[in-house]
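Structural overview
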Amino acid sequence: MSKMNILIIGRGGREHAMAWKVAQSPLVTNVFVAPGNDGIAESFECVNINETDTENLIQFAKENNIHLTIVGPEVALMNGIVDEFQKHNLKIFGPLVAAAQIEGSKQFAKELMHKYHIPTAAFEVFENYNAAKQYLLAKGAPIVIKYDGLAAGKGVVVAMTIEEADQALQDMLLNDKFGKGKVVIEEFLSGPEFSLMAFVHGETILPLAIAQDHKRAFDGDQGPNTGGMGAYTPVSIVPNVAIEEAITTVMQPTAKAMVANGTPFTGILYGGLILTKEGPKVIEFNARFGDPETEVVLPKMKSDMIEVIMALLNGKTPEIEWYENAFLGVVLASKGYPEAFEKGVEIEGLKDRRIEGLNTLVFHCGTAKKEGKWVNNGGRVLFVVGEGKTLADARKNAYQTVENLSSSENLFYRTDIGWQSL
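Residues numbered from 1 in each chain as written. Predicted model: local features only at pLDDT ≥ 70, side-chain atom pairs only at ≥ 80, totals over all residues. Heavy atoms only, no water.

1. Thoughts on the sheet that holds strand β16 (residues 266-276)
- Strand order in the open sheet made by the four strands is β11-β10-β16-β17, with antiparallel pairing throughout. Looking at the sheet topology across the chains shown, the edges are occupied by β11 (204-207) and β17 (279-286). The average angle at which neighbouring strand axes cross in this sheet is 35°, direction not considered.
- As defined by bridge partners, β16 adjoins β17 across seven bridges and the pair is classed as antiparallel. Each residue of the ladder has a partner; that of L273, found in β17, is V282. (Pairing = 2+ DSSP bridges. Helix = DSSP H or I, 4+ residues; strand = E, 2+ residues; numbered from the N terminus. Axes fitted to C-alpha atoms, helices over the stretch in contact; angles between N-to-C directions.)

This is the structure:
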């Protein structure tokens, strides 16, 4: 195979990890990230084109002889980037808009699962606040309220009280917090949650190592839901037999269902799963790499990611090899996240992505470089990944590095990432 130029679409820690992984491939000459961020630009060429500026991304791909584009964020997918690239005969890894609906519409995903008997929580869909409120009162709490469209990972409320659930309904249906849309009301499921991602092309799936992320902002799973405050792999509280069951009852049937539905899926299918007493069930699907799970799963992956994707697109089913070691990552977030926060505050202690003497990586999620100094430029700022023979070792390495970086009073982090599996 001739040497390849790769374009990665996106701007966060997930895309930094993707670029880092892809660059290790001997098949790759250049890695471009559009638009990227200042931290990514330290190691890779960032291109100042927005993720949703499909026209200019196509032009860039043509002019720079891009052999493969890999899409990070869901907004680009729902904006039709894959459809448009394919019209121009440009190779791209990600789902068409029709298939990306599995993330873009909760209703689409739930109805697909219901039709093809894929295990998930019981649900109803509502557009009208009064009808939704009546259903809520009939069902009681705890209960789950989900906005039907994209909401940057923040459109889900796990309500422990009727009051909390009603507030979520008002926000979504009366106040249009995420825009005009419907809500899906689901039964509350309990058990350990885990993320199972897979490379998918039609009915072929290649499962990745599972991870667990921590959505709540504060220790002990307290505070508001975020895009994710940390992640780790492997997950000892989810036995191998449950992972195998999730592959055979959820991931494979979903790939087949998408083909049968006339919306075949190519790209990364992310299963947000929960291990209930009846077995694994789907909480949600995403149509791309999860963030922050990607930042711990890709370092665990021994195989060449480009080799795997190209083989898959060529109709093959390659084996994925994994390192034995554990990986645990911690998000340093701006004080106030996921609500309002101040930008442009200096991050002291950040000099290099790899900290001397410790087995760690630092991926940049939302940083900027101003006058030679690193400052925060987003809600999630940095993602520190520790590696170790055991999860406890990986955790120690991650937190030691976090302490070196977190002298800035404007950053906060959870101190209990991975606690369930230790």
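2. Side note on unusual backbone geometry
- Following A34, the chain continues to P35 via a peptide bond in cis, the omega torsion being 0°.
- Structurally, P35 can be placed in strand β2 (residues 28-35).
- Cis geometry is adopted by the peptide bond preceding P234, which originates at T233 and carries an omega value of 0°.
- Although it is not a glycine, H117 sits at a positive phi angle of roughly 60°.
- In this fold, H117 is placed in the loop between α6 (106-115) and β6 (123-126).
- We classify H117 as exposed; its relative accessible area is 69%.
- The backbone of D176 shows a phi angle near 50°, a positive value even though the residue is not glycine. (Buried < 20%, exposed > 50% of the residue type's maximum accessible area, 1.4 Å probe, protein only.)

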